[in-house]
Amino acid sequence: MRIFALALLPMITGGCGAGTEGNMVKPPNDTVVEMGPPAAGTTAGKPYHTVKPRPEIPDDCPLAVGFASYGAGIDLQTYRSIVDLLESDAAVLAGDPYRWGREGEVVLCVTPRSTADAERLFHLIKAAFPAEPHGPLGVRTKSGLSHQVSG
């Protein structure tokens, strides 16, 4: 179990490049299909499936909430409850999803009004994480608060 918690840490503290498409409320379990060079033995021009690399979370992200997977998708119930919590909080100015992986892995970079709001939201999110989630979860603030949980 500890190895999964350690695997989650790089996800919520940063990784290697990807963009910020989509919105925070759309469930992130979409297959990534890209056009690219044909693989050996395939027809040219057909889409192929690929995994996006872990996203580069901005260094100045005030509050990052990460959802990883053991191989069967992220904990969508927790994801939706965290998104609902963030969308209903007046202190949240923006939430940008940084998607990666084949199973809906995502890190939400949340921009609250202040550092105090980021720390308050950190504690709300930490309390909302289940003791035994469907996949690894993590939350951290720019000010240094950090919490991970794995099922």
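Scroll up to find the structure this text is about.
A. Structural view of the sheet that holds strand 4 (residues 92–99). In spatial order, the strands read 4-5-3-6-7; together these five strands make up an open sheet with antiparallel pairing. In this open sheet, the two edge strands, each paired with only one partner strand, are strand 4 and strand 7 (146–149). Shown here is a sheet whose adjacent strand axes are inclined to one another by a mean of 10 degrees, direction ignored. Of the strands in this sheet, strand 3 (63–67), strand 4, strand 5 (106–112) and strand 6 (137–141) touch helix 2 (residues 76–88), which is tilted by about 15 degrees from strand 5.

B. Expanded view of the state of the cysteines. Tallied over the entire structure, the rule returns one disulfide. The disulfide that involves cysteine 61 links it to cysteine 109, with 2.2 Å between the sulfurs. Disulfide cysteine 61-cysteine 109: the torsion about the S-S bond is 135 degrees, which places it as right-handed. Taken together, the residues cysteine 61 in the loop between strand 2 (48–49) and strand 3 and cysteine 109 in strand 5 connect sequence positions 48 residues apart.

C. Fine view of the side chain of serine 69. Relative to the assigned elements, serine 69 resides in the loop between strand 3 and helix 2. Judged by relative accessible area, serine 69 falls into the buried class, the value being 17%. Looking at serine 69, its side chain comes within polar contact range of the main-chain nitrogen of glycine 71, at 2.9 Å. Every residue in contact with serine 69, bar those within four places of it in the chain, is listed here: Ile74, Glu103, Glu105 and Pro136.

D. View of helix 2. Between the first and last C-alpha of helix 2 there are 18 Å, a value that for 13 residues agrees with the 18 Å anticipated at 1.5 Å per step. Buried within helix 2 are the following residues: Thr78, Tyr79, Ile82, Val83 and Leu86. Relative to the axis of helix 2, the buried residues are bounded by an arc of 135 degrees and lie together on one face. Exposed and facing more than 90 degrees away from the buried side of helix 2 are Gln77 and Ser88. On its buried side, helix 2 packs onto strand 3, strand 4, strand 5, helix 3 (115–128) and strand 6.

Conventions we followed
- Residues numbered from 1 in each chain as written.
- Predicted model: local features only at pLDDT ≥ 70, side-chain atom pairs only at ≥ 80, totals over all residues.
- Heavy atoms only, no water.
- Pairing = 2+ DSSP bridges.
- Helix = DSSP H or I, 4+ residues; strand = E, 2+ residues; numbered from the N terminus.
- Axes fitted to C-alpha atoms, helices over the stretch in contact; angles between N-to-C directions.
- Contact = heavy atoms within 4.5 Å.
- Disulfide = S-S within 2.5 Å.
- Buried < 20%, exposed > 50% of the residue type's maximum accessible area, 1.4 Å probe, protein only.
- Polar contact = N/O pair within 3.5 Å; in protein donor to acceptor, adjacent residues only side chain to side chain.
- Expected span 1.5 Å × (residues − 1).
- Arc of directions from axis to C-beta.

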